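# Observations on the three-dimensional arrangement
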Amino acid sequence: MTPIEFAQKYNLTVVTPGDCSREIKGAYCGDLLSWVMGRAKEDDAFVTVMANINTIAVAVLADVACVILCEGAHFDEMSIARAQQQEVCILETDAPSFTVALWLGRELGL
Amino acid sequence: MSALKWTYEVDGTDFTRAGEASSNVKKKLRALGVPSDVIRKVSIALYEGEINMVIHANGGVIDVEMSPDRIDMVLKDTGKGIPDIEKAMQAGYSTAADEVRSLGFGAGMGLPNMKKNTDEMRIESTVGVGTTVYMTVYIS
Ligand SMILES: Nc1ncnc2c1ncn2[C@@H]1O[C@H](COP(=O)(O)OP(=O)(O)OP(=O)(O)O)[C@@H](O)[C@H]1O
Ligand SMILES: [Mg+2]
């Protein structure tokens with residue numbers, strides 16, 4: 001499933017579409033960026049409440065499929081601009097990380 | 001093929017630019033067709049090192065050299081130095097200030113991530129003078 005398809009199904013906001021060809025192949029939840037860097041895998045959905053430009057840098061360098069920002073948090077304009085430039089897909093939702101993880105688990109057949 | 005070299009100045013005051021050197025290296029390695037697992041290791045190790053130069057020191061210089069069989073990285077800062085390197089390398093050890101913790105740093109996992117993602121890593125540090133981190137990832 002692509003991040004955009006996931007957003008449509010569970011009613012998340014697509015803040016930036018990123019590289020639309022990517023598939024979500026796994027998921028990692030975390031707000032401490034070095035944990036995410038060390039543990040998230042390529043093509044994971046990165047589920048977090050940490051909304052700053054470093055989140056985008058981690059998404060690029062850990063090469064995740066998308067960032068899913070939970071709990072109604074929002075990125076600032078500079079972070080969104082960086083995400084656009086680096087083709088990072090950002091989704092936002094009011095749901096908590098746990099709920100998003102359940103949705104992802106369902107779609108990934110976990 | 002001879003070695004390719006890139007140098008980056010890391011601004012020690014600007015969090016919003018941290019990660020630029022790592023992102024740029026990643027882009028270059030991609031364009032050169034370096035295997036994706038090697039790129040990922042270099043990206044993670046370099047980003048953690050770059051961030052440490054900003055949050056624990058006051059910036060510095062990153063040199064990256066790519067040879068046919070290896071990528072060598074040298075991160076040099078003139079920050080406060082690391083008094084006990086062995087302790088700093090332990091997972092979970094951090095002296096990060098509260099304001100950077102609120103940005104998601106300070107888990108004490110940066111140096112362990114650098115170690116895990118490189119084939120060689122060495123830290124030289126003198127308190128009050130600065131820190132130099134040497135890292136190598138092999139291209140097999
Ligand atoms: N370049 C540096 N100059 C001075 N001290 C450093 C430097 N790099 C690391 N340190 C010291 O080593 C500790 C551990 O570093 P490490 O990168 O593992 O964790 P952190 O940066 O505190 O947190 P995280 O990387 O998880 O966000 C730091 O808290 C700091 O005390
Ligand atoms: Mg660190």
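Once a new chain begins, its residue numbering starts again from 1 and follows that chain's sequence as written. Note on labels: chains are lettered from A, ligands numbered from 1, in written order. Only residues with pLDDT of 70 or above have their local features reported here, since the model is predicted, and side-chain atom pairs are shown and tallied only from 80 upward, although totals for entire chains, interfaces and linings are computed over all residues. Excluding hydrogens and water, the side-chain figures rest on all heavy atoms present in the structure.

## A closer look at empty space enclosed by the protein
A cavity, in this analysis, means grid points on a 1 Å lattice covering only the protein atoms where a 1.4 Å probe fits yet has no way out; a pocket is instead an open set bounded by protein on both sides within 12 Å along at least five of seven lines, and a residue lines either one if it has an atom within 4 Å of a point. Grid points are joined across faces, edges and corners, and a volume is the space filled by probe spheres set on the points. Using the criterion set out here, one finds one cavity of 30 Å³ or more in the structure. Along its surface, the largest cavity is lined by Ile56, Ala57, Val60, Arg82 and Gln86 of chain A together with Ala18, Gly19, Glu20 and Ser23 of chain B. Mapped onto the lining of the largest cavity, the elements with two or more residues apiece are α3 (53-62) of chain A together with α1 (20-31) of chain B. Among the elements that make up the lining of the largest cavity, the one with the highest residue count is α3 of chain A (three residues). Think of it as three bins: nonpolar holds Ala, Val, Leu, Ile, Met, Phe, Trp, Tyr, Cys and Pro, charged holds Asp, Glu, Lys and Arg, and polar takes everything else, Gly as well. Partitioned by chemical class, the residues of the lining of the largest cavity number four nonpolar, three polar and two charged. Only DSSP runs of H or I with at least four residues qualify as helices, and only runs of E with at least two residues qualify as strands; both kinds are numbered from the N terminus onward.

## Focus on unusual backbone geometry
Residue and element names in this part refer to chain A. With a phi close to 70°, Asp43 is a non-glycine residue in the positive phi region. Checked against the element boundaries, Asp43 lands in the loop between α2 (33-39) and β3 (44-48). Burial status follows relative accessibility: with a 1.4 Å probe on protein chains alone, a residue under 20% of its type maximum counts as buried, one over 50% as exposed, and anything between as partly exposed. For Asp43, a relative accessible area of 15% translates into the label buried.

## Considering the nonpolar core
Residues Leu29, Val42, Ile62, Ile71 and Met73 of chain B are the most contacted members of the largest nonpolar core, which totals 58 residues. Among the elements that take part in this core, helix α2 (residues 36-55) of chain B stands out by supplying eleven residues, more than any other. Residues are treated as being in contact if the distance between any of their heavy atoms lies within 4.5 Å. Excluding its chain neighbours within four sequence positions, the residues that come into contact with Val42 of chain B are Val25, Leu29, Ile71, Met73 and Val137 of chain B. Residues belong to one nonpolar core when they are buried, are Ala, Val, Leu, Ile, Met, Phe, Trp, Tyr or Cys, and are joined through side-chain atoms within 4.5 Å. Formed by 17 residues, the second largest nonpolar core is a distinct cluster that contains Ala7, Leu12, Cys66 and Cys89 of chain A.

## Description of the site of ligand 1
Lining the immediate surroundings of ligand 1 are 22 residues, of which His56, Ser94, Thr95, Gly106 and Gly108 of chain B lie closest. Here a residue is considered near a molecule or strand provided that any single heavy atom belonging to it is located within 4 Å of it. Taken together, the residues near ligand 1 originate from chains A and B. At 3.0 Å, a backbone N or O of Ala107 of chain B approaches an oxygen atom of ligand 1. A distance of 2.8 Å separates an oxygen atom of ligand 1 from a polar backbone atom of Gly108 of chain B. In isolation ligand 1 has 600 Å² of accessible area, and contact with the protein removes 96% of it. Placement in a cavity or pocket follows one criterion, namely that more than half of the molecule's atoms lie within 2 Å of its grid points. Put simply, ligand 1 lies in the largest pocket. The class makeup of the residues in the shell around ligand 1 is ten nonpolar, ten polar and two charged. A 3.5 Å cut-off defines polar contacts: any pair of N or O atoms within that distance qualifies, except that in protein one atom must be a possible hydrogen donor and the other a possible acceptor, and neighbouring residues in sequence count only when both atoms are side-chain atoms. To be clear on the numbers: accessible area is Shrake-Rupley with a 1.4 Å probe, and residue cover counts the displayed protein chains and nothing else.

## Considering the confidence of the model for chain B
For chain B, the average pLDDT comes to 95, and 99% of its residues sit at 70 or higher. If you check the scores for this complex, the pTM reads 0.95 and the ipTM reads 0.92. For every residue, the predictor assigns a confidence score, pLDDT, that lies between 0 and 100.

## Describing the packing of aromatic side chains
Pairing of aromatic rings covers Phe, Tyr and Trp, the last counted by its six-membered ring, and requires centre-to-centre distances within 6.5 Å; plane angles under 30 degrees mean stacked, over 60 mean edge-to-face, and any other angle means tilted. One pass over the structure, following the stated rule, counts two aromatic pairs over all chains. Their ring planes at 40° and their centres at 5.0 Å tell us that Phe6 of chain A and Tyr10 of chain A sit as a pair that is tilted. Here Phe6 of chain A pairs with Tyr10 of chain A, and both are found in helix α1 (residues 3-10), just four residues apart, close to one helical turn. Of the residues examined, Tyr10 of chain A reaches a relative accessible area of 11% and is grouped as buried. For the pair Tyr10 of chain A and Trp103 of chain A, a centre-to-centre distance of 5.0 Å together with 20° between the ring planes defines the contact as stacked. Taken together, the residues Tyr10 of chain A in helix α1 and Trp103 of chain A in helix α5 (residues 97-108) connect sequence positions 93 residues apart. Each member of the pair Tyr10 of chain A and Trp103 of chain A is classed as buried. Joined through ring pairs, the aromatic side chains of Phe6, Tyr10 and Trp103 of chain A make up one cluster. In this structure, Arg122 of chain B packs its charged tip against the face of Tyr134 of chain B, placed 4.2 Å from the ring centre. Over a ring means this: the NZ of a Lys or the CZ of an Arg is within 6 Å of the ring centre and within 35 degrees of the ring normal.

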